[in-house]
Amino acid sequence: MYSVLIRPFEPRDSSDIIRIDAESFSTQNPTYDLFVYLAYGSEIFVADIGAMVVGYVVLVYREDEAKIMSIAVKKEFRRKGIGSMLLREAIKRAKEKGTKRLLLEVRVSNVAAQELYKKFGFSVVGVLDSYYSDGESAYLMSLDLNQADDFS
Ligand SMILES: CC(=O)SCCNC(=O)CCNC(=O)[C@H](O)C(C)(C)COP(=O)(O)OP(=O)(O)OC[C@H]1O[C@@H](n2cnc3c(N)ncnc32)[C@H](O)[C@@H]1OP(=O)(O)O
């Protein structure tokens, strides 16, 4: 058994995050991804089970909006509520920062993630054609934080 603590990123979490990024996305360079998140002044929260970090969420803030740049859970820990815990934290944090809208982009084929976002009240507000380097399009999804429930 393990318990999950959602807490802010610390530098020692980097190797776990890079491993999760590598197994979750078709990225060429997960180390670079993390570098970019940090360079952009993102806020990162991790799901810590004591022995390791098994998930993360990356938030960036622009004026009165926030964007989820990335969220991922280690494969063998999926479907256990950890993605929901991370998303709940991101929503709470964005509200605390006074942002009005939480945005994200998701591949049109990524039904698992879309289902997660819909559970928290996100809706599709646009389609970004050929958004990804492999030509796949993205849904732009949005959550109005003035109306969002706490989901706690
Ligand atoms: C902005 C972006 O980053 S978009 C990219 C999102 N990230 C990824 O695609 C990376 C690979 N995927 C993952 O890491 C995970 O599947 C995540 C982060 C999308 C979800 O994390 P999980 O810990 O599995 O989510 P969690 O267990 O909280 O699931 C919550 C709900 O999401 C939905 N959901 C999650 N996985 C699936 C799935 N495979 N199929 C359908 N619905 C799913 C369900 O409604 C689920 O509730 P339920 O289990 O009661 O039915």
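Residues numbered from 1 in each chain as written. Predicted model: local features only at pLDDT ≥ 70, side-chain atom pairs only at ≥ 80, totals over all residues.

## Focus: the site of the ligand
Among the 23 residues in the neighbourhood of the ligand, the closest are listed as Arg 78, Gly 83, Ser 84, Ala 112 and Leu 116. Going through the elements one at a time, strand 4 (65–73), helix 3 (82–96), strand 5 (101–107) and helix 4 (111–119) are the ones with two or more residues in the shell around the ligand. A class-by-class count of the residues in the shell around the ligand yields 11 nonpolar, 6 polar and 6 charged. (Near = placed C-beta within 6 Å. Helix = DSSP H or I, 4+ residues; strand = E, 2+ residues; numbered from the N terminus. Nonpolar A, V, L, I, M, F, W, Y, C, P; charged D, E, K, R; others polar.)

## As for the packing of helix 1 (residues 14–24) against helix 2 (residues 30–39)
Where helix 1 meets helix 2, the closest approach of the two axes is 8 Å, and the angle between their N-to-C directions is 120°. Here helix 2 runs oblique to helix 1, going by the angle between their axes. Crossing hand, helix 1 versus helix 2: right-handed. For the pair helix 1 and helix 2, contact is made by Ser 14, Ile 17, Ile 18, Asp 21 and Ala 22 and by Pro 30, Thr 31, Asp 33 and Leu 34, respectively. Across the contact of helix 1 with helix 2, the residue classes break down as 5 nonpolar, 2 polar and 2 charged. (Axes fitted to C-alpha atoms, helices over the stretch in contact; angles between N-to-C directions. Parallel < 35°, antiparallel > 145°, perpendicular 65-115°, else oblique. Left-handed = near helix turned anticlockwise from the far one by under 90°. Contact = placed C-beta atoms within 7 Å.)

## Re the environment of Tyr 37
Here Tyr 37 shows up in helix 2. Once the C-alpha coordinates of Tyr 37 and Leu 59 are considered, the two residues, 22 residues apart in sequence, prove to be 8.6 Å apart. Setting aside chain neighbours within four positions, we find Tyr 37 in contact with Ser 42, Ile 44, Val 58 and Met 69.

## Quick look at the pairing of strand 2 (residues 43–48)
In terms of strand pairing, strand 1 (residues 5–8) meets strand 2 through 4 bridges, oriented antiparallel. Looking at the pairing, Ile 6 lines up with Ala 47 of strand 2. The pairing of strand 2 with strand 3 (residues 53–62) spans 6 bridges and is classified as antiparallel. Of the residues in strand 3, the one forming a bridge with Ala 47 is Gly 55. The hairpin turn running from strand 2 into strand 3, its antiparallel successor, is 4 residues long, and Gly 50 in that turn takes a positive phi close to 100°. (Pairing = 2+ DSSP bridges.)

## Re unusual backbone geometry
Across the chain, the bulk of peptide bonds are trans and the bulk of non-glycine residues have phi less than zero. Even without being glycine, Glu 63 reaches a positive phi, approximately 50°. Along the chain, Glu 63 falls in the loop between strand 3 and strand 4. The backbone of Ser 130 sits at a positive phi, close to 50°, despite the residue not being glycine. Along the polypeptide, Ser 130 turns up in the loop between strand 6 (123–128) and strand 7 (138–144).

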